[in-house]
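Here is how the chains run, residue by residue.
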Amino acid sequence: MKNLNELLQRYTTIKTPHATIIKTFCTAVEDILQISLKEKNISISKNTIWIQAPSSIKNEIKIHQKEILKYIHTKTGGTHTPTSIF
């Protein structure tokens, strides 16, 4: 018979769903920069958030990148949160 630790071992590497990270990213940008983004203009690939927006918005987000990523990490609590924004 397996003990509880062995049974729960597979759940130690659960990733946060991309949809949750995208929603949290939009909320972070809204709270920090007062800029609204549409979720359909954001994608995630290999721990990088990609934004389809005008360059002025991208630059503002890039300036506050550390603050936004910290917000995402604290809200999702995941270890597999994005590490950069482009």
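Below you will find a few notes about this structure. Treat the numbers as computed from the prediction; the structure is a model and nothing was measured.

1. Digging into the pairing of strand β1 (residues 42–45)
Inference 1: Of the two faces of β1, the one lined by Ile 42 and Ile 44 is fully buried and the one lined by Ser 43 and Ser 45 carries no buried residue.
Inference 2: Relative to strand β2 (residues 48–51), β1 runs antiparallel, the two sharing 4 bridges. In the strand pairing of β2, Ile 42 is matched with Ile 51.

2. Description of the packing of helix α2 (residues 18–33) against helix α4 (residues 65–76)
Inference 1: In contact at an axis separation of 9 Å, α2 and α4 are set at 130° when each is read in the N-to-C sense. It follows that α2 is oblique to α4 by the angle criterion. Seen along the crossing, α2 lies across α4 with a hand that is right-handed. Along the contact surface, α2 presents Thr 20, Ile 21, Thr 24, Phe 25, Thr 27, Ala 28, Val 29, Asp 31, Ile 32 and Leu 33, while α4 presents Glu 67, Ile 68, Tyr 71, Ile 72, Lys 75 and Thr 76.
Inference 2: Residue composition of the contact of α2 with α4, by class: 9 nonpolar, 4 polar and 3 charged.

3. Digging into unusual backbone geometry
Inference 1: Of note, Gln 34 is a non-glycine position whose phi angle comes to about 55°, a positive value.
Inference 2: With a relative accessible area of 59%, Gln 34 lands in the exposed category.
Inference 3: The residue Asn 47 is not glycine, and still its phi comes out positive at about 60°.
Inference 4: One can find Asn 47 in the loop between β1 and β2.
Inference 5: Asn 47 gets classed as partly exposed once you look at its relative accessible area, which sits at 37%.

Calculation rules
- Residues numbered from 1 in each chain as written.
- Predicted model: local features only at pLDDT ≥ 70, side-chain atom pairs only at ≥ 80, totals over all residues.
- Heavy atoms only, no water.
- Buried < 20%, exposed > 50% of the residue type's maximum accessible area, 1.4 Å probe, protein only.
- Helix = DSSP H or I, 4+ residues; strand = E, 2+ residues; numbered from the N terminus.
- Pairing = 2+ DSSP bridges.
- Axes fitted to C-alpha atoms, helices over the stretch in contact; angles between N-to-C directions.
- Parallel < 35°, antiparallel > 145°, perpendicular 65-115°, else oblique.
- Left-handed = near helix turned anticlockwise from the far one by under 90°.
- Contact = heavy atoms within 4.5 Å.
- Nonpolar A, V, L, I, M, F, W, Y, C, P; charged D, E, K, R; others polar.

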